[in-house]
Structures are given as structure tokens and as C-alpha cells.
Amino acid sequence: MIKILLGAFVLSAASIQAQDFQALQNDNKSLADVLTNGMGYENQRYSPLKRINHNNVSRLVPVWSHNLNNPRGSESQPIIYDGVMYVTTYSTTVAIDALSGKQVWKAELNFPADIAKTVCCGLVNRGVAIFGGKIFRGTVDANIVAYDAKTGKELWKYQVADRIGKAITSAPLIANGVLITGIAGGEYGTRGFLDGLDPETGKRLWRLYTAAGKDEKGGDTWLNDSAQTGGGTTWLTGVYDKNLDLVYWGVGQPSPWNPKERSGPDGGTLDNLYTNSVIAIRPRNGEVIWYRQFTPNDPLDYDSTEVGMLVDMKIKGVDKKVLLQANRNGFFYVLDRTNGDLLAANPYIKTINWAEKIDLSTGRPVHTELMKKYVKTGETTTFFPSAFGGKNWQPTSWNPNTGLVYANTFDFGMIYKYNDKQECHERTPTASKKDEWCLQTDIAGFEFPKDRPHGYLAAIDPLTGKSKWQMPWPEQPSWSGTLTTAGNLVFTGASNGEFMAIDASTGKKMWAFQTGSGVAGQPVTWEHKGVQYISVVSGTGGIYFDFDPRSANVPRGSSVWTFALMK
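This one's a predicted model, so the numbers in the text were calculated from it and none came from an experiment.

Visitor: Any details on the overall build of the protein? Residues and values, ideally.
Guide: When helices and strands are tallied, the protein shows three helices and 39 strands. At 22 Å, the protein has a C-alpha radius of gyration in line with the 24 Å of a compact globule built from 567 residues. Taken along its principal axes, the extent of the C-alpha atoms in the protein is 70 × 55 × 50 Å. Put simply, the protein has 567 residues, and 64% of those count as buried. A sequence separation of at least 24 residues applies to 63% of the contacts in the protein between residues at least 6 apart. In the form shown here, the protein has an accessible surface area of approximately 20,300 Å², with 49% of it arising from carbon and sulfur atoms. Seen as two clouds, the 58 positive and the 55 negative side-chain charges of the protein have centres 3 Å apart.

In C-alpha cells, the structure reads:
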């Protein structure tokens, strides 16, 4: 794993503002503002607000709705500061008066006509970061843009990479004064990395490659130079432990899916570090402190980019600082976040047929005979979970009062087969067939169980992986994140457009409202003058909805909704 340092680390005085650092660090306790993705550096998506609770949530009504004029998917989490809400689509950044829904300013991005052909997987954006009077966002043509938070004036733009097969779809992270961004594009043979930037100027401070080159630590886990197009992208936002001064970031699958070009010359498998891992780094310089790999030499696209949550909890009577992750491979992991030690790993979905279990002594999966055969032959095989995982990018939440994790999970399989005839090459602005993925694997279809739903909202015990309760999704699985509160509620959305509140203890639906399009956004809650509000973005889109014919019944169109109790 390589780290590139560009010059001395010197942040301008204007960017070092103690009040901004303090506000970000205390965001999990904030009532009026939402300053980080995850409603706190810990990414727990838990609020201590309880004016809206399971006794009165039936009185929840919309206060305002704002049309985002976007036919693509909308997956943004609102950021709220000083009465202004900031949300994104793939092409716009919008500042909205949080109490009235009136637009304050709007900044638009312009892209080449063929941009949709060079981005996997869908033209989406998941939100902004805020710091030092600036709003920061990524773009689907692989830039980071900084705007003045009050006016929307563009202050600087940094080109992270060329746009062919590379994109930024999630919010950057501000940690210890550094703006950190990842990159998407593993399906196009992109080599993953993280960049650390000065938020005042956009100057790059360091780069960390997450697919280790042959002369780097971990480079012997790749065949020859295969890491150069080896995937390991970093397309979701990480989390930050302010006390340990560690940023945790999830790393995606290796490329191509077919492992023949990245395995040993004798046909033996190689781990392909640091794909399918979580890495813990120092934000000031990108130094890697530890890593934990979940699915070595992955041929099934079980990437680990949704990094999870930071929670302090007792395990066998001992206080532990842990990282909780519902991995795409179907297992729920509990890690000691101080050193990466594996504390627990158990299935959290019904059907897993690629691995029998996770060996706690090594942290490695124990492959089933079916998986062993597929790795060798690549013959047509159905695996559970599918490449969409037991859960995909949609974030989970943690309620310290119930001790449960709330996640929208999937329960269906995918049919895989190696395609040894497909040739892969690095994508460049002049390369031919630049709009084609390179998987060297054919997706022959999906297997949807006929005897049960294909997804659930689940209340999961992190130490066992078992659900205290599950609420089935009768139509399509949900791609919405979850929010949980001290009011004993879980808020989430459905692919049919319903936004709803669920009793956190029982799984009973307490309230629902039709938003007009599928909800794939990330709800938040906040308070102003004693009134609690709930806000969420609605708008169907993303790659799954292109695969599932049932999506044709859901209208397209994006909007922001804010709710409060009827007076």
C-alpha cells in the first residue's frame, strides 16, 4: 500500500477554526444541526431527540417539500447548519431554508453528454461535507468542488482523476482538519485510492493507494502488475474516531471479478490486498495503522465499502471500542477498532452458500464446496447473497437503548459464470469501448426465493447476527438508510415511495407517508425552538432499479420532505 506525500503539511490559518472542529466532534449530541454524514463521526445515525416518539408519531405531517428537478436517483443525506439545509443530486448542490423549504441558492454542474456511460453505478450523489464556511462535494466526473456556504459561489475545484471509468458519488469526510475523498470505478479497472486535501485551498496533501503495487507492502498478494487495474475502490464515506485519531474507510472488490488475472501463476488464490477490507489510517498523513480483510480474492463482488459504525459496548463484561459492520458478504462483523482484532462474525441474513462460517482465529471465511468448485472452474453457479449483498451501500443505525442495529437487508441470489474471452484494459480518455465494464464474469440472472420476501428491515444483535425482529418488504427491498431515535423509533423509506416510522422494540409500523417516488435517501432529525423535525430525500434511481422490472411502476423524480408533529 503506497502513500504519496505532496509537500509539507501546512494548513492555512483560516481553515483551523476551533469552533468548527468542536462542532464536528460533537455532532452526535447536536440538536439543531446535522454536520456530518451519519449524524456524528461515529456514523451511528442515532438522535437523542424524543419529542417525536412511538406514542405521538401518528400525528406526523409534512411541513414542506422541495422539488429537486432530478429524474435520476437521489440518495443524499441532508446537512443542516444555522437554519440552512444542504442536499445534492448528481448535478446540483442546493441550499434550502430548513424551516420554509425555500431555495437559498443552487449550484449546477455541467457534464459531457456521455457521462452516464463512464460511471458505475448510476448518476447519483450522497451528500456534502461542511467546514470553515465551505460546502464540499464530489462529482461524477471525479472532481471535488468547494462552495461558499452562504452564497454558493465556487471557491475551488480539484480534479481527483480523469473521468473515464472513475467517479465520486459520496460525501467527503473532514477529519482532523483534512478533507478525505475516495473514488469509484472498480468495474472499469480503476485502481482504488484515497486523497487527503487541504480544505482551504484544495491542495492535495497525500494519496494512499488501496490496491497494493508489486513494490509496496501487500504487493505480493497480486499477480505481477495486476493491482494497477485491480479495483479496491473507496466509493463510500468513511468514519472517524476523534479520540484515537483514526479514520476507518471501507475498500471495494478486486477487478476483474474473475480472479484468473490476479491469482497466483500456479492457479492458487491470492488475497489481493487491500480489497474487501476496512483500513484504519491517520488523517493527517494517510498512514495505515491496521487493516482487516473480509473476503480475500473475492470473485462475487462482495465489496466492503459501507464501513459501518463506531460503538462503545461491553463484550463479555469488558468495555470495548468496536467497529460494527453488516458486510455485503452476509456476515456481521464486530472488530476492536483500536487494533482490528476480530471479536465476532455471524450471518445476519437467511441464506449464505459461499462460506460455511468465518474462522475467528484467522478472520478468514471457510469456503463451501460450491465456492471451492466455482473458484477453480467458473462454471454457472448461483450464490447467496447476490452481488448486491446481504446489504449494500445503504447505511445502518445503532440505538444504545435497545442495543440493536437497524438495517435494510436483502435475501436473493445471483447466477455467475466466468467469461474468459472478455479482455480488460485500463480505461483512458482515448481507449476504445470505454463504456463497458470489465468483469470477465457473466451475470446470467437473479434467483428470487418464491417462498419469502426478498428483503427486510431487521433489528440485529451485533454479537450474534440474529434479528430480534424483521419487517418484510412485500414488494421490492429497501435501499433507504435508517435513522433511530430516543423516541424508540426507526425511520426509513420503501422502494414504493413510503417514508415510515417503526417501533424500535417491536418492528410495528407506526406511521407512513407516500413521498411520490422511491425512497433511497438517508433520513435525519433536528430541532428548532422546541420543535423536532424529520427530513429525507426521495427519488428512485441507481443500478438496482435498472435490473428490477418492478421499478417501472415507481415514478421518477426527486424531492426533499420535512415533517413535524401536527399542532
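There's more to say after this.
Visitor: Just give me the short version of the side chain of Arg204, but keep the residues and values in it.
Guide: With respect to the helices and strands, Arg204 occurs in strand β15 (residues 204-209). Of note is the side chain of Arg204, whose polar atom sits 3.5 Å from the side chain of Tyr158.

Visitor: Tell me what's going on with the sheet that holds strand β27 (residues 397-399), and back it up with residues and numbers.
Guide: Sheet architecture is open: four strands sit in the order β27-β28-β31-β32, paired in antiparallel fashion. Only two strands of the sheet have a single partner each, and these edge strands are β27 and β32 (467-472). Averaged over all pairs of adjacent strands, the angle between strand axes in this sheet comes to 25°, irrespective of strand direction. Note that strand β28 (residues 404-410) and strand β31 (residues 455-460) share six bridges and pair antiparallel. Each residue of the ladder has a partner; that of Val405, found in β31, is Ile460.

Visitor: Residues and numbers for the side chain of Asn43, please.
Guide: Residue placement: Asn43 occurs in the loop between α1 (18-25) and β2 (46-47). With relative accessibility at 7%, the residue Asn43 sits in the buried group. Not counting residues up to four positions away in its chain, the partners in contact with Asn43 are Asn37, Gly38, Val239, Glu306, Gly308, Met309 and Thr396.

Visitor: An account of the pattern of salt bridges is needed here, citing residue identities and associated values.
Guide: A full pass over the atoms with the stated rule returns 24 salt bridges. Arg191 is the partner of Glu216 in a salt bridge, and the nearest nitrogen-oxygen pair spans 3.2 Å. With a gap of 25 residues between them, Glu216 in the loop between β15 and β16 (239-241) and Arg191 in the loop between β13 (178-181) and β14 (193-197) connect regions that are remote in the sequence. Using a relative accessible area of 19% as the deciding quantity, one classes Glu216 as buried. Its relative accessible area of 10% is what places Arg191 among the buried residues. Measuring nitrogen to oxygen at the nearest pair gives 2.8 Å for the salt bridge that ties Arg337 to Asp312. Placement of the pair is Arg337 in the loop between β22 (331-336) and β23 (342-347) and Asp312 in strand β20 (residues 309-315), with a sequence separation of 25 residues.

Visitor: Which residues make up the sheet that holds strand β9 (residues 134-138), and what values go with them?
Guide: Across the sheet, four strands lie side by side as β8-β9-β10-β11; this open sheet has antiparallel pairing. Looking at which strands have only one partner, the edges of the open sheet turn out to be β8 (129-131) and β11 (154-159). Each neighbouring strand pair of the sheet contributes to a mean axis angle of 20°, computed without reference to strand direction. Of the strand pairs in this sheet, β9 and strand β10 (residues 143-148) are connected by five bridges, and their pairing is antiparallel. In the strand pairing of β10, Lys134 is matched with Asp148.

Visitor: Explain the pairing of β15 residue by residue, including any values.
Guide: The element β15 is largely enclosed, with a buried count of six among its six residues. Across five bridges, β14 lies against β15 in antiparallel orientation. Along β15, the bridge assignment pairs Gly196 with Trp206.

Visitor: Run through the packing of aromatic side chains, naming residues and quoting values.
Guide: Scanning all chains against the criterion turns up 34 aromatic pairs. On the basis of an interplanar angle of 90° and a centroid distance of 6.3 Å, the ring pair of Phe332 and Tyr348 is categorised as edge-to-face. Of this pair, Phe332 sits in strand β22 while Tyr348 sits in the loop between β23 and β24 (355-358); the two residues are 16 residues apart in sequence, bridging distant segments of the chain. Aromatic side chains Phe499 and Phe563 sit 5.6 Å apart centroid to centroid with 25° between the ring planes, which places their arrangement in the stacked category. Residue Phe499 is found in strand β35 (residues 498-503), and its partner Phe563 is found in strand β39 (residues 559-565); the two are separated by 64 residues along the sequence. Each member of the aromatic cluster is reached from another via a ring pair, and the members are Phe388, Phe410, Phe412, Phe446, Phe448 and Trp479. Looking at Arg191, its charged tip hangs above the ring of Tyr209, at a distance of 4.0 Å from the centre. The aromatic ring of Phe193 is capped on one face by Arg207, whose charged end is 3.8 Å from the ring centroid.

Visitor: Which residues make up the confidence of the model for the protein, and what values do they have?
Guide: Taken over all residues, the pLDDT of the protein has a mean of 92, while the share at 70 or more is 93%. Here residues 7-16 scores under 50 on pLDDT; set against residues more than four positions off or in separate chains, the count is 18 contacts. A low-confidence stretch, residues 427-434 (pLDDT under 50), is modelled with 19 contacts involving residues beyond four sequence positions or located in other chains.

Visitor: Could you give an account of the pairing of β14, with specific residues and numbers?
Guide: For β14, the buried fraction is high: five of the five residues fall into the buried class. The alternating pattern of β14 places Phe193, Asp195 and Leu197 and Leu194 and Gly196 on opposite faces, both of which are buried. Across three bridges, β13 lies against β14 in antiparallel orientation. Across the sheet, the residue bridging to Ile180 is Gly196, located in β14. What sits between the antiparallel neighbours β14 and β15 is a turn of six residues, in which Gly202 has the positive phi angle 85°.

Each value, and the rule that gives it
- Residues numbered from 1 in each chain as written.
- Predicted model: local features only at pLDDT ≥ 70, side-chain atom pairs only at ≥ 80, totals over all residues.
- Heavy atoms only, no water.
- Helix = DSSP H or I, 4+ residues; strand = E, 2+ residues; numbered from the N terminus.
- Rg over C-alpha atoms; globule rule 2.2 N^0.38 Å.
- Buried < 20%, exposed > 50% of the residue type's maximum accessible area, 1.4 Å probe, protein only.
- Contact = heavy atoms within 4.5 Å.
- Areas by Shrake-Rupley, 256 points an atom, 1.4 Å probe, with all protein chains shown as cover.
- Lys, Arg positive; Asp, Glu negative; His and termini not counted.
- Charge placed at Lys NZ, Arg CZ, Asp CG, Glu CD.
- Polar contact = N/O pair within 3.5 Å; in protein donor to acceptor, adjacent residues only side chain to side chain.
- Pairing = 2+ DSSP bridges.
- Axes fitted to C-alpha atoms, helices over the stretch in contact; angles between N-to-C directions.
- Salt bridge = Lys/Arg side-chain N within 4 Å of Asp/Glu carboxyl O.
- Phe/Tyr/Trp six-rings, centres within 6.5 Å; stacked < 30°, edge-to-face > 60°.
- Lys NZ or Arg CZ within 6 Å of the ring centre and 35° of its normal.
- pLDDT = per-residue confidence, 0-100.

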